[in-house]
Every structure is written in C-alpha cells, then in structure tokens.
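Single-letter residue listing:
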Amino acid sequence: MTEVVSSANPGLSQPLLAKRTSKRWMISALITTAIVALPVFSVLYLALFPDENIWPHLMETTLPRYLTTTIKLMIGVGILTLIIGLSTAWAVTMCEFPGRKFFEWALLLPFAVPAYVIAYVYTSLLDYAGPVQRALREWFGWQSAADYWFPEIRSLEGAVLMIGLVLYPYVYLLGRAAFMEQSPSLFAVSRSLGHSAISTFFRVVLPIARPAIAVGLSLVLMETLNDFGTVDFFAVQTLTLGLFDTWMNLGNLGGAAQIATTMLMFVVILVTLERYSRRRQQQFAARDNRDPIHRFTMSFPRQMICLAVCAVPLIFGFIIPGATLGYYAWEYFDESWNPNFIRNTFNSLFLSGTAALTTLLIGVTLAYSRRLHNTRGMQVLMRLSSLGYAMPGAVLAVGVIIPLAGFDNWFDGLMRDYFGFSTGLLLSGTAFALVFAYTVRFLAVSAGSVESALQKITPSMDMASRSLGHTPGKTLVKVHLPMLRGTLVTAALVVFVDCMKELPATLILRPFNYETLATYVYQFASDEKLYHSALPSLIIVLAGIIPIILMSRSISNSRTMT
C-alpha cells in the first residue's frame, strides 16, 4: 500500500511538512531557479529593448533565408532520424536475427560522436581531394570534376545526413524503451487476427509508443537547432549561424538577442506540438507488461534485412568516422600530441567535471526540495530550472553574457569611483561564464534524473528517519544519497560528456586564448587541417561511450526478453 501511495504522490504528507520541514530548502530552490532562469529573461529583455534595433533590417534581408533554411534542415533531420530510429528500435526489440544483442547497445554509439566531428571526417573523405574521389578518378580515368558527377557533401542535404546519423539514437533509445514496455498480449491478439509483424507495428505498436517517440523527435529537432559546427563548416545559413554573424561580425548584441528570441520561439513551438500531439492520450500499464516478450521468428532473407537495417547507420554513424579518426590520430600522433593539446584536454576535463558536479549539487537540491514541498509552486520552479536544456547553446551564450557583463561593468565602475582602480572582467570572459552556461544548459539532465529516482523511494523512509530525530538534510545525506548513488554517477557522466561536446556556447563565452577540445577541433577544421583535429576529436568520442553503455544496460535490464 505504501508503494502505491509513493508513486501517486512522491512528496511527503502535508502534516509532516507543516510541522517538521524547514523552509530553507524551498528558499534555496527559489534562489537557484531564479539564477538559472536569468539567461532566458535576459535574452527576452534585450530583444525587446536593444541598443540598436535592427529587426526591420533583418526581416528585409537575412532573416527569411535563415528561417527557411532552418526549417528545411529540421524537417530533413526529423524524417531521417524517425526512419532510422524506429526501424532499428523495432528490429532489435521484436525481431530475432544474427548480431541482435550486439546492435542493442552498439546502435547508441553514434550518439558519442558530435555532429561537427562527423562532418569534418566525411568532408575529408568525400571532398574532391579526398581518397574516395581520388580513387574514382584513378579507376575510371577521369581528369577533372567536369568529367563526372559526385554529390556535394558541403550542402544542406549533407548537413541533414551528418546531423541525422548522430541524432537518431534519441528516437531509437526512447522508441526501444516504449516498445519494451508494451504488453505481449497486444502482439498475440494482433497476430491472431492475421496481422503480420509490419502490420502489427503500424496498427498497434506505433500508436501506443507515439508519446515517447514525440519526445525523442523533439529532442532531435532542438539539437538540430542548436548545431553550429556542422552548419558553419558546410556554409548552411541557419538561425544559429545568423546569430553568430550578427554578434561576432556585425557587433550587434541586440540583433543577436532578437535572432535568439526567434530560436526560442522554435523551441516553444516544438514543446507545444509535442504536448499537443498526446493531449488526449492516457496510458496505463497492463498486468503483463513485465512478462517476457517473444520475438518474431523470421526467414533468413528477412533476418538479413534486419541485419542491414541495423548495420548501415552504425557503419556510417560510428565505425567509418571512428576508424578514420583512429587512423589519422595514429599517423599524426607526434604532431598532435603537444603542449597545446594537453592544456586544452585539461581545460575540457576541468570545465566538464566542474559543471557536472555543480549540476549534480543543484539538481539534488531542487529535486529534494520538490520532494519536501510537493506543491504547485515547486512544480513551476522545477520547470523553470529546466528551461536551459531547451535553449540552443548560442542563445544561452547571449543570455549568460548579458547579466554577467552587466555585473562586471557595474562593479568595475563602483571600484573606479570609490577606490580608483579597475577590477576588469570578474565573471564574463572567464571560466566561470562557461561553467555557469554549462550548468544552466544541462541542469535538467541531473535534476530530472534525481527527481525520477527519488519518486521511487517510499515516503516511509523519510518518516522513519525524521522520527529518529534527523533533519531533512541528514535524511538526504544518510538515507537518500546512498540509495541514489547509481543515478548520481550516471547523471554526472551524461552531463560531463555533454559539456565535452558543447561547441556554440563555448566558442562565444570562452576566455581569451582559452581553448577546449571542442573549440580546438573547430579551429583546426576551420583552417582545413582536418588530420590534426583527429586526436582531440577521438578523445571527445571515447569520453561519450561510457554513459552510452550504461544507458543501454539500464534499458536491457528493465525487461525480460525471449
């Protein structure tokens, strides 16, 4: 009975709250949320009240092109990720074929490769001077590009392919989890009515899994909107590229904030559509949703089709880029392993580690405050604290630089007036700005993970601890944190890897002459020195594999399959 109550209401009982719970947790959550949400409101304020309003000029010149290209890119990536993600998720979940167990976790590996890295790799392979076209010219005796046609990798279509190859794991991950949660009786009834496996998928499985798929697709589209390295390298003029151009080249922060607001409108539309698509859907767990699922037995040709469906995205999304990076890193190791590489690796590890710990600390504070005060106000605070995750990195950078630069200017003026010396940049233009941006952007990962894990702990544990005289803080340290150890480690690893890969915000906010592995790779690629970017790119990819394996194991262990 206690477990049922805890799942319905994860907070403690109101009488216990009123008598024994300190308000300090709620105040801490309120202050933290206000700080985290500050960049969002800063962007909106500057967009509405810019120093120089260039919005009419943007509307007449570049903004329509940015909007059109962005929409095309998002539609293309969305379609590609749906096709790859759903087909692979269905194959490994419901079909028995050679290598299925390997593909269960291996299909997540492209998630470890940043889109800009895979773009650099395929450009080096497929450009006119790359090994693929050189081999074709040698085999067929072609003398120049006029003698043959070859698809242009640096194009909108190329960007769709590159981004889709690394983002389909969002749809695959959530789709597979949704398929595994469904009742075996649904499949049995569908098959007894004469439906094939394909018909069962479209008529029964897909409608039930639609909410999870919608969430995965919305994450894909938000990451597509966030991408900068790929679209910049391929010269695809999206809103993100326009934001950089308006700020860095034109020097107009207000115009950049106005473009950032347009990007935020995209995010709001995506979230609204995702919620609207499942507004009338209510799903309840069936009695047999933990019973073993019997996979479909197929003929040899169909098994080979499943094998190909799973192998193709893995080969092009991870194996070819990984092998290429490994080869280049080995060939150019002596040149790549230098003091700059070591220093930049340390910078990435320091920033990512600090941000992971910070988001974990704040996430625990917010989630535990929600558990102690399970009110509508705390629900609003939790949602506000998660706004950063929906913000593209370039937008977030604009929102971070505005309040930090404002504080630095105010404090510097104060010191000049009263003490006669300048303090310079204390927050903006320092590593603090990067850690703050990472924390705001990825706080939702840690806070959401901790909140979900806390909901599984029965309130009777809290009541027992409080009856023994422990304060809420001691209860958290002695009871909850030991039980949340696995969740905390996983959340920290995911945030760590996301920070290692983050490029747009890092490019804008990094201190002068301060590089991370992501910006280091970007600079080499911008200078057409792709070979020298292989080693730092490989480090970023390898760092992302660990949490991927952990996520795959957690899904596989959630359901018995036969």
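Residues numbered from 1 in each chain as written. Predicted model: local features only at pLDDT ≥ 70, side-chain atom pairs only at ≥ 80, totals over all residues. Heavy atoms only, no water.

Check the secondary structure of the protein chain and you find 27 helices and 0 strands. Taking all 562 residues of the protein chain together, 53% fall into the buried category. When contacts within the protein chain are restricted to residue pairs at least 6 apart in sequence, long-range pairs at least 24 apart make up 83% of them. When the accessible surface of the protein chain is summed, it comes to about 26300 Å², and 65% of that surface belongs to carbon and sulfur atoms. (Helix = DSSP H or I, 4+ residues; strand = E, 2+ residues; numbered from the N terminus. Buried < 20%, exposed > 50% of the residue type's maximum accessible area, 1.4 Å probe, protein only. Contact = heavy atoms within 4.5 Å. Areas by Shrake-Rupley, 256 points an atom, 1.4 Å probe, with all protein chains shown as cover.)

Here we come to the side chain of threonine 33. Its location among the elements puts threonine 33 in helix H3 (residues 24–48). Judged by its relative accessible area of 2%, threonine 33 falls in the buried class. Contacts of threonine 33, omitting those with residues within four sequence positions, involve Leu366, Leu381, Leu384 and Ser385.

On the surface, a cluster of nonpolar side chains totalling about 370 Å² of accessible area is made up of Ile71, Ile75, Ile79 and Ile83. Inspection of the secondary structure assignment puts isoleucine 83 in helix H5 (residues 63–94). (Patch = residues over 30% accessible without salt bridge, like charges linked within 9 Å, V, L, I, M, F, W, Y side chains within 5 Å. Salt bridge = Lys/Arg side-chain N within 4 Å of Asp/Glu carboxyl O.)

The share of residues in the protein chain with pLDDT of 70 or more is 88%, and the mean pLDDT across the chain is 82. The low-confidence segment residues 1–21 (pLDDT under 50) makes 32 contacts with residues lying over four places distant or belonging to another chain. Taken together, the stretch residues 283–289 has pLDDT below 50 and engages in 11 contacts with residues farther than four places along the chain or on a different chain. (pLDDT = per-residue confidence, 0-100.)

Another aspect to go through is the environment of valine 521. Its location among the elements puts valine 521 in helix H26 (residues 517–526). For the pair valine 521 and serine 537, spaced 16 residues apart in the sequence, the C-alpha separation amounts to 6.4 Å. Setting aside its immediate chain neighbours within four residues, valine 521 contacts Tyr116, Tyr120, Ser533, Pro536, Ser537 and Ile540.

Across all of its chains, the model carries 25 aromatic pairs by this definition. Between tyrosine 120 and phenylalanine 233, the aromatic rings sit 4.8 Å apart at their centres with planes inclined by 75°, giving edge-to-face as the arrangement. Pair noted here: tyrosine 120 is in helix H7 (residues 115–126) and phenylalanine 233 is in helix H12 (residues 229–233), with a separation of 113 residues, a long-range link. Ring geometry for phenylalanine 333 against tryptophan 337: centres 5.6 Å apart, planes inclined by 25°, an arrangement best described as stacked. Members of the aromatic cluster, connected to one another through ring pairs, are Phe97, Phe102, Phe103 and Trp105. Above the plane of the ring of tyrosine 128 lies arginine 137, whose end atom (NZ or CZ) is 4.0 Å from the centre. Here arginine 154 stacks its cationic end above the ring of phenylalanine 233, 4.3 Å away from the centre of that ring. (Phe/Tyr/Trp six-rings, centres within 6.5 Å; stacked < 30°, edge-to-face > 60°. Lys NZ or Arg CZ within 6 Å of the ring centre and 35° of its normal.)

Applying the stated rule across the entire model yields 9 salt bridges. Here glutamate 96 makes a salt bridge to arginine 100, at a shortest N to O gap of 3.4 Å. When its relative accessible area of 5% is taken as the criterion, arginine 100 is described as buried. Between glutamate 451 and arginine 370 there is a salt bridge, and its shortest N-O distance comes to 2.5 Å. Pair noted here: glutamate 451 is in helix H21 (residues 431–455) and arginine 370 is in helix H17 (residues 339–372), with a separation of 81 residues, a long-range link. This pair shows no difference in class: glutamate 451 is buried, exactly as arginine 370 is. One salt-bridge network, held together by shared partners, links Glu96, Arg100, Glu104 and Arg176.

This paragraph deals with unusual backbone geometry. Unusually for a residue other than glycine, alanine 235 sits at a positive phi of about 60°. Positionally, alanine 235 belongs in the loop between H12 and helix H13 (239–249). Accessibility expressed as a relative area gives 59% for alanine 235, which makes it exposed. With phi around 60°, asparagine 513 is a residue other than glycine that occupies positive phi space. Its location among the elements puts asparagine 513 in the loop between helix H25 (504–509) and H26.

Where empty space is left can be seen by rolling a probe of water-molecule size over the atoms. Summed over the entire model, instances satisfying the criterion amount to 5 cavities of 30 Å³ or more. Of the volumes computed, that of the largest cavity is approximately 360 Å³. Taken together, 22 residues make up the lining of the largest cavity; nearest its centre are Pro114, Ala115, Glu223, Asn226 and Lys501. Breaking the lining of the largest cavity down by element, the ones donating at least two residues are H7, helix H9 (156–180), helix H11 (197–226), H21 and helix H24 (485–501). (1 Å grid on protein atoms, 1.4 Å probe; cavity = no way out; pocket = protein on both sides within 12 Å on 5 of 7 lines; lining within 4 Å. Points joined across faces, edges and corners; volume = space filled by probe spheres on them.)

It is worth spelling out the environment of methionine 304 at this point. When you line up the elements, methionine 304 lands in helix H15 (residues 300–331). Here the alpha-carbon distance between methionine 304 and proline 98, two residues 206 residues apart in the chain, equals 8.2 Å.

All right, on to the side chain of threonine 262 then. Note on placement: threonine 262 falls in helix H14 (residues 253–277). According to the relative accessible area criterion, threonine 262 is buried, its value standing at 8%. Of the polar contacts made by the side chain of threonine 262, one reaches the backbone oxygen of glutamine 258; its length is 3.1 Å. (Polar contact = N/O pair within 3.5 Å; in protein donor to acceptor, adjacent residues only side chain to side chain.)

We now examine the environment of glycine 322. Relative to the elements of secondary structure, glycine 322 occurs in helix H15. Sequence spacing of glycine 322 and proline 110 is 212 residues, and the spatial spacing of their C-alpha atoms is 9.4 Å.

Each packed pair of helices is defined by two parameters, the angle between the axes and the distance between the axes. Relative to each other, H13 and helix H20 (residues 393–419) sit at 35°, their axes nearing to 9 Å. Each of Thr240, Leu243, Phe244 and Trp247 in H13 lies in contact with H20, whose residues at this interface are Ala394, Val395, Ala397, Val398 and Ile401. (Axes fitted to C-alpha atoms, helices over the stretch in contact; angles between N-to-C directions.)

As a further point, take H9. Compared with the 36 Å implied by 1.5 Å per residue over 25 residues, the 35 Å span of H9 between its first and last C-alpha is a close match. Residue leucine 165 marks the point of greatest curvature in H9, where the axis turns by about 45°; the proline proline 169 follows within four residues. With 20 of 25 residues buried, H9 lies mostly within the body of the structure. (Expected span 1.5 Å × (residues − 1). Bend = angle between axes of the 7 residues up to and from the residue.)

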